[in-house]
Amino acid sequence: MNEWNLNDLYTGYDSEAFQQDFAALDTRIAEMNTLAETLGSKDPKSTLKAIIEQLSAYQTLTRRLGAYLSLRQSANTADQETVSMNSRFQIKASQSALASTRFQKWIAAQDLDALIPSDPCFQQHAFWLQEIRSHGAHTLSDEVEDAIGKMELNGSNAWAQLQEYMTSTVAVTMDGQDYTLSSIRNLAYSTDPEVRKKAYEAELKAYDKIKDAVCFALNSIKGEANTVSELRHFDSVLDMTLFNSRMSKATLDAMFTAIDEALPHFHAYLRHKAEVLGYTHGLPFYELFALMGESTRTFTVEEAKAYLIQNFTPFSKDVAGIIERAFDEEWIDFFPRKGKVGGAFCCNLPMLKQSRVLTNFDGSLSDVVTLAHELGHAYHGHRIENHSPLNTRYSMPVAETASTFNETVIMNAAIRDAANDEEKMMLIESTLQDVTQVICDIYSRYLFETEVVEKRKEGFLFSDDLEDIMLRAQKKAYGTGLDHDQLHPYMWICKSHYYDAGLNFYNFPYAFGCLFAKGLYAQYQKEGPAFVDKYNRLLEATTISSVEEVAAMADIDITKPDFWRDSLKIVENMIDEFIALSTK
């Protein structure tokens, strides 16, 4: 039960199902290439139907194969057979790039306003079709698109695998014992302040072994991102990211305007926490996750399951049902081990109407919240699993909506039911820890990536350069809340989000998801059970709407700072309550 079961995908590389599907990929790509070479030989309506059928079948097949390979590699990055098989898969999949480009160009050139109303299939895919038309201005020649797809195999994808391998296999030594990076980072939640400090020092020391290699990975990935964004006629990598995120710059600016205004409240929370813990120059980085109050409660896997189901059932039996399935049907890989990637993620498997969740569970309340977060992604996947395969991609910002909503539900329920002020203070402070991460730390990551991407245009950034940029970003985001002599110059090494070339700036979506979810939760508190249907419809629309259109379904204008200010006000009130409770 401690590791996930992937048998519903495939039972192994030698299984008949995997062998058949892997071979079918060649056939599917050949059929796509044949269709791409004969575009225009039939009437537009039948051609468009053929394209939708081909791409739907191809996407279903590659998602199944790709998910299996990715999940196996995440569970054991040192598995040479998986690394080899994944490389073969990516090479095969890259051969579809030319056909996909030709399909998109053909679609963009059609009179979609006339075609879409003419057939229910086109109406079902209206958003997808219109999005392809909007991408037309950024689509390059067939040869260049094909070259970019192939370049990524031995470029950004390979560099990302290097970062994943280095961080999952590096030995971190503390008190003469070797730990994985994931397990040593989990010690930041230890109840022993000496353990927290020693773990932090051991972690920083371990990065000396791998920082140069990971430095080359980051430079190469961001260099490639700059090149691709320029080729596609975007003003910047951020501009390209927002375009792909279906989100306007006005929304991003409105959110960060509100965050900038609220930062002094977060700094006050951190300074107060530092004072309570006995520090006079702000909080050391290694004390960010030191729990205030009684924090001795730990959870077994079964206790975590019961706690989550108990607290989600009053909100939605459907959400609780997905959580129960995830535990009972072995969707979750729980514990850290050598070779397993750090952090946590959820992989939706719409072809199975399931998901898989990876976490590095050590029994803390924070780990239970992490489970709730990832299982929110699983519920989001559940809400869109009946969409067409071409209608199942949601953009980065709304990707964190259901997950962060889940966090809010579980923490608010726990705070509401706290047995006494001491427990209530501990729960509130635990929530503030998480929110500080997705506001202050995410802001520091956004500032860091912005500067790295810009400076990478001018030349190579060595490890010392990256450390300096990270420290300056942390000082600006955390302000006087942290001790500037006890920061974390290597956060760029361990955060995998920097290393996915297809998801540059995968930082601001967490702040978006946190604040958007808190605003939605405030509506739930006002509307009660009637809100749940609206919430479900909103999640279902995330794959076929812009970010602003999704928000409008809940009568929210996210292009103005007011909504974000209201969401942050909820957090500011929690900070005030925490300070009051901790000074009694």
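Structure: see above.
Remember, predicted model here, so these are calculated numbers, not experimental data.

*Asks:* Describe the packing of aromatic side chains, listing the residues and the values that go with them.
*Replies:* The full count for this structure, using the stated rule, is 39 aromatic pairs. Considering the side-chain rings of Phe-327 and Phe-334, the 5.8 Å spacing of their centres and the 40 degrees angle between planes classify their relative orientation as tilted. Taken together through their ring pairs, the aromatic side chains of Phe-315, Phe-405, Tyr-521, Tyr-524, Phe-531 and Tyr-535 make up a single cluster.

*Asks:* If you had to explain the packing of helix 20 (residues 421–456) against helix 21 (residues 463–478) to someone new, which residues and values would you point to?
*Replies:* Helix 21 packs onto helix 20 with a crossing angle of 140 degrees between their chain directions and a minimal axis gap of 8 Å. Taken together, the axes of helix 20 and helix 21 are oblique relative to one another. As for the relative orientation of helix 20 and helix 21, their crossing is right-handed in sense. Judged by residue contacts, Thr-436, Gln-437, Cys-440, Asp-441, Tyr-443, Ser-444, Leu-447, Phe-448, Glu-451, Val-452 and Lys-455 of helix 20 engage Leu-466, Ile-469, Met-470, Arg-472, Ala-473, Gln-474, Lys-476, Ala-477 and Tyr-478 from helix 21. Class assignment of the residues belonging to the contact of helix 20 with helix 21 gives a composition of eleven nonpolar, four polar and five charged.

*Asks:* Describe empty space enclosed by the protein, naming the residues involved and giving the relevant values.
*Replies:* Space left empty within the atom packing is revealed by a probe, the size of a water molecule, rolled over the atoms. Going through the model one piece at a time under the given rule, you end up with four cavities of 30 Å³ or more. For the second largest cavity, the full set of lining residues is Ile-322, Arg-325, Trp-331, Lys-353, Gln-354, Ser-355, Ala-378, Gly-381, His-382 and Glu-385. Elements represented by at least two residues in the lining of the second largest cavity include exactly helix 16 (317–328), strand 5 (354–358) and helix 17 (365–384). The dominant element in the lining of the second largest cavity, judged by the number of residues it contributes, is helix 17, at three residues.

*Asks:* Break down the side chain of Gln-433 for me, citing the residues and quoting the values.
*Replies:* Its place among the elements puts Gln-433 in helix 20. Setting aside its immediate chain neighbours within four residues, Gln-433 contacts Tyr-189, Tyr-269, Lys-273, Leu-288, Phe-289, Ala-290 and Leu-291.

Procedures and definitions
- Residues numbered from 1 in each chain as written.
- Predicted model: local features only at pLDDT ≥ 70, side-chain atom pairs only at ≥ 80, totals over all residues.
- Heavy atoms only, no water.
- Phe/Tyr/Trp six-rings, centres within 6.5 Å; stacked < 30°, edge-to-face > 60°.
- Axes fitted to C-alpha atoms, helices over the stretch in contact; angles between N-to-C directions.
- Helix = DSSP H or I, 4+ residues; strand = E, 2+ residues; numbered from the N terminus.
- Parallel < 35°, antiparallel > 145°, perpendicular 65-115°, else oblique.
- Left-handed = near helix turned anticlockwise from the far one by under 90°.
- Contact = heavy atoms within 4.5 Å.
- Nonpolar A, V, L, I, M, F, W, Y, C, P; charged D, E, K, R; others polar.
- 1 Å grid on protein atoms, 1.4 Å probe; cavity = no way out; pocket = protein on both sides within 12 Å on 5 of 7 lines; lining within 4 Å.
- Points joined across faces, edges and corners; volume = space filled by probe spheres on them.

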